[in-house]
Amino acid sequence: MKHNLVSTFLFLFLQCIGILAQGPTPAPTPPPTRASAPAPGPPGPTNVTKILEKAGQCSTFIRLLQTTQEISQITSLLNNSNSITIFVPPDNAFLSMKAGTLNSFNDQQKAELIKFHILPQYFSISQFQTASNPVQTQAGGTSNREFPINITTNGTSVNITTGIVNASISSTIYTDSQLAIYQVDKVLLPLQFFVPPAPAPAPAPPKPKKKADSSDSDSTSALSSGAISLVPDIFCAINSPRGFVLFLAVFSFVYVSS
């Protein structure tokens, strides 16, 4: 009996020593913390080229945007929070132009042609109803020989007149609060490309001098100088006896005649 108690005691004693030798149980290792993702930056400007590529049938207009570098100007305007409206003719509108028309334009005219399709403000379809004609484009001012267009509406139909072309909006390609892109059925051709500016009025010719005045003044001067030159002769004649008698005779004749 005593032997069993001693054995049990020794067993428990050794178990306690083993537990104490192991030390405290280590705390569980926390999982590694993940770095928080950076906050998304502000969205960049709308990519007009991608919008037109997605719409399709705009390859000629896209090529002109790129070769004239007007796409950079559009991106800059949008990046600086400017609002614009773009009219985009499809490829078949360029094909329907008179043969050689587009190739006849020089580089400056091609750039002006693209700008002529851009309005420096945002227009929704309903806002065209209140547009004030002539409407200015990015190509220039609103005088008859610059680059204006006229916009008229009939319900939801929007018509555009350039003086050379009458076009209509056929569909909406893209619109938000800053950018509107509409497809038009014809290429908008500026009047200035085909009708030269009116020549400036010629200056008025100088008024000719009156010859009569000069002749009259010459005659008056001649008479005055002649009369003055006769004065010494008259006085000389009066100083002589005969001259004095002749003077009295002439004076008496004049007096009696009057």
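Residues numbered from 1 in each chain as written. Predicted model: local features only at pLDDT ≥ 70, side-chain atom pairs only at ≥ 80, totals over all residues. Heavy atoms only, no water.

Q: Explain the environment of Ile84 to me, please; I cannot follow it from the model alone.
A: When you line up the elements, Ile84 lands in strand 1 (residues 84–88). The class of Ile84 is buried, set by a relative accessible area of 2%. When near neighbours in sequence (up to four residues on either side) are disregarded, Ile84 contacts Ile74, Leu77, Leu78, Ile118, Leu119, Pro120, Gln121, Tyr122, Gln178, Leu179 and Ala180. (Helix = DSSP H or I, 4+ residues; strand = E, 2+ residues; numbered from the N terminus. Buried < 20%, exposed > 50% of the residue type's maximum accessible area, 1.4 Å probe, protein only. Contact = heavy atoms within 4.5 Å.)

Q: What am I meant to see in the side chain of Thr85 here?
A: Here Thr85 lies in strand 1. Classification of Thr85 by relative accessible area gives buried; the value is 0%. A polar side-chain atom of Thr85 sits 2.9 Å from the main-chain amide nitrogen of Phe123. Once residues within four sequence positions are removed from consideration, Thr85 is found in contact with His117, Ile118, Leu119, Gln121, Tyr122, Phe123, Phe128, Ala180 and Tyr182. (Polar contact = N/O pair within 3.5 Å; in protein donor to acceptor, adjacent residues only side chain to side chain.)

Q: How should the pattern of salt bridges be read in this particular structure?
A: In a structure, side chains of opposite charge can pair up when their charged atoms sit close to one another. Applying the stated criterion to the full structure yields one salt bridge. Note that Glu70 is salt-bridged to Lys115, the shortest N-O span being 4.0 Å. Highlighted residues: Glu70 in helix 4 (residues 70–79) and Lys115 in helix 6 (residues 107–115), separated in sequence by 45 residues. On the basis of relative accessibility, which here comes to 8%, the residue Glu70 falls in the buried class. (Salt bridge = Lys/Arg side-chain N within 4 Å of Asp/Glu carboxyl O.)

Q: Honestly, the packing of aromatic side chains in this entry has me stumped. Any pointers?
A: To describe a pair of aromatic rings, one takes the distance between the centres and the angle between the planes. Under the criterion given, the structure shown has seven aromatic pairs. Note on Phe123 and Phe128: the rings are 5.0 Å apart at their centroids and 10° apart in plane angle, and the pair reads as stacked. Like Phe123, the residue Phe128 is buried in the burial classification. Chaining the aromatic ring pairs together yields one cluster made of Phe105, Phe116, Phe147, Phe193 and Phe194. (Phe/Tyr/Trp six-rings, centres within 6.5 Å; stacked < 30°, edge-to-face > 60°.)

Q: Help me understand the sheet that holds strand 1, please; the structure alone is not making it clear to me.
A: Through backbone hydrogen bonds, the strands of a sheet pair up, either in parallel or in antiparallel fashion. The sheet built from seven strands is open, its strands ordered 2-1-7-6-5-4-3 with mixed pairing. The open sheet has two edge strands with one neighbour each: strand 2 (118–119) and strand 3 (135–136). Summarising the sheet, strand 3 and strand 4 (residues 148–154) pair through two bridges and their orientation is antiparallel. Considered in strand 4, the bridge of Gln136 is made with Pro148. (Pairing = 2+ DSSP bridges.)

Q: Looking at this structure, I do not really get the nonpolar core. What am I missing?
A: Side chains of nonpolar character tend, in soluble globular proteins, to be buried together. Counting residues in hydrophobic clusters, the biggest one holds 48 residues, and the most contacted among them are Val48, Leu52, Ile86, Phe87 and Phe128. Once residues lying within four places of it in the same chain are set aside, the contact partners of Leu52 are Cys58, Phe61, Ile62, Leu65, Val88, Ile173 and Ile181. (Core = buried A, V, L, I, M, F, W, Y, C linked by side-chain atoms within 4.5 Å.)

Q: Mind showing me how you'd approach unusual backbone geometry here?
A: Negative phi values dominate among residues other than glycine, just as trans dominates among peptide bonds. Residue Pro134 is reached from Asn133 by a cis peptide bond, and omega for that bond is -5°. Along the chain, Pro134 falls in the loop between strand 2 and strand 3. You will see that Gln69, though not glycine, has its phi angle at about 65°, which is positive. Of note in this structure, Ser81 is not a glycine but carries a positive phi near 65°. With respect to the element layout, Ser81 can be found in the loop between helix 4 and strand 1.

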